[in-house]
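Remarks on the overall topology
Single-letter residue listing:
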Amino acid sequence: PNYTQLITLEFYQQGLTIEEIAQTRNLKLSTILGHLADLVEMEKIIDVDRIISPERQEIIIQAIEKLGDTNALKPIYDYLDEQFNYGELRLV
């Protein structure tokens, strides 16, 4: 992880919500979600349920299953009527 991801990780480990991290760091929510997605990929964060509710994860998973495995997030974003942001889609 790079320096800015590590700062996000530190706040996450202290129990701050993604909104609180974004506000504290004066960064966009999408930036924090991107950091967290990178950290999940690096296996630094395991508990995605703390970031995105299991109910929202399930809706995204169902959309992915319906559309097929794609690396592009835009078709999923469009399919879900833009109700989920790209950071959430990437995390799931």
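Remember, predicted model here, so these are calculated numbers, not experimental data. (Residues numbered from 1 in each chain as written. Predicted model: local features only at pLDDT ≥ 70, side-chain atom pairs only at ≥ 80, totals over all residues. Heavy atoms only, no water.)

It is worth spelling out the side chain of Gln-57 at this point. Considering the arrangement of structural elements, one finds Gln-57 in helix H4 (residues 54-67). Among the polar contacts listed, one links the side chain of Gln-57 to the side chain of Asp-49, at a separation of 2.7 Å. A distance of 2.8 Å separates the side chain of Gln-57 from the backbone oxygen of Ile-52, its partner in a polar contact. Every residue in contact with Gln-57, bar those within four places of it in the chain, is listed here: Val-48, Asp-49, Ile-52 and Val-92. (Helix = DSSP H or I, 4+ residues; strand = E, 2+ residues; numbered from the N terminus. Polar contact = N/O pair within 3.5 Å; in protein donor to acceptor, adjacent residues only side chain to side chain. Contact = heavy atoms within 4.5 Å.)

On to the pattern of salt bridges, then. Scanning the model with the defined rule gives four salt bridges in all. With a shortest N-O distance of 3.9 Å, Arg-90 and Glu-41 are connected by a salt bridge. Remark: Glu-41 occurs in helix H3 (residues 29-41) and Arg-90 occurs in helix H6 (residues 86-91); sequence separation between them is 49 residues. Shared partners join several salt bridges into a network, and the residues in it are Asp-38, Glu-41 and Arg-90. (Salt bridge = Lys/Arg side-chain N within 4 Å of Asp/Glu carboxyl O.)

What follows concerns the packing of helix H2 (residues 18-25) against H3. Two elements in contact, H2 and H3, have axes whose closest approach is 9 Å; the angle formed by their N-to-C orientations is 115°. Taken together, the axes of H2 and H3 are roughly perpendicular relative to one another. The two elements H2 and H3 meet at a crossing, and its hand is right-handed. From H2, Ile-18, Glu-19, Ile-21, Ala-22 and Arg-25 reach across to H3, where they touch Leu-29, Ile-32, Leu-33, His-35 and Leu-36. By residue class, the composition of the contact of H2 with H3 is seven nonpolar, one polar and two charged. (Axes fitted to C-alpha atoms, helices over the stretch in contact; angles between N-to-C directions. Parallel < 35°, antiparallel > 145°, perpendicular 65-115°, else oblique. Left-handed = near helix turned anticlockwise from the far one by under 90°. Nonpolar A, V, L, I, M, F, W, Y, C, P; charged D, E, K, R; others polar.)

A few words on the packing of aromatic side chains. Two numbers describe a pair of aromatic rings. These are the distance of the centres and the angle of the planes. Under the counting rule described, the total for this entry stands at one aromatic pair. In this arrangement the basic side chain of Arg-50 is found over the ring face of Tyr-12, its NZ or CZ atom lying 3.8 Å from the centre. (Phe/Tyr/Trp six-rings, centres within 6.5 Å; stacked < 30°, edge-to-face > 60°. Lys NZ or Arg CZ within 6 Å of the ring centre and 35° of its normal.)

The subject of this paragraph is the environment of Gln-83. Relative to the helices and strands, Gln-83 is located in the loop between helix H5 (74-79) and H6. Counting along the chain gives 27 residues from Gln-83 to Arg-56, while the straight-line C-alpha distance between them is 10.0 Å.

Right, let's talk about helix H1 (residues 3-13) for a bit. Those residues of H1 that sit buried are Gln-5, Thr-8, Leu-9 and Tyr-12. The buried residues of H1 all sit within an arc of 100° when viewed along its axis, so they share a single face. Along its buried surface, H1 packs onto H2 and H3. Regarding H1, its N-cap is Asn-2, as a side-chain oxygen of that residue lies 3.2 Å from the backbone nitrogen of Thr-4 further along. With its phi angle positive at about 100°, Gly-15 sits one or two positions after the end of H1. (Buried < 20%, exposed > 50% of the residue type's maximum accessible area, 1.4 Å probe, protein only. Arc of directions from axis to C-beta.)

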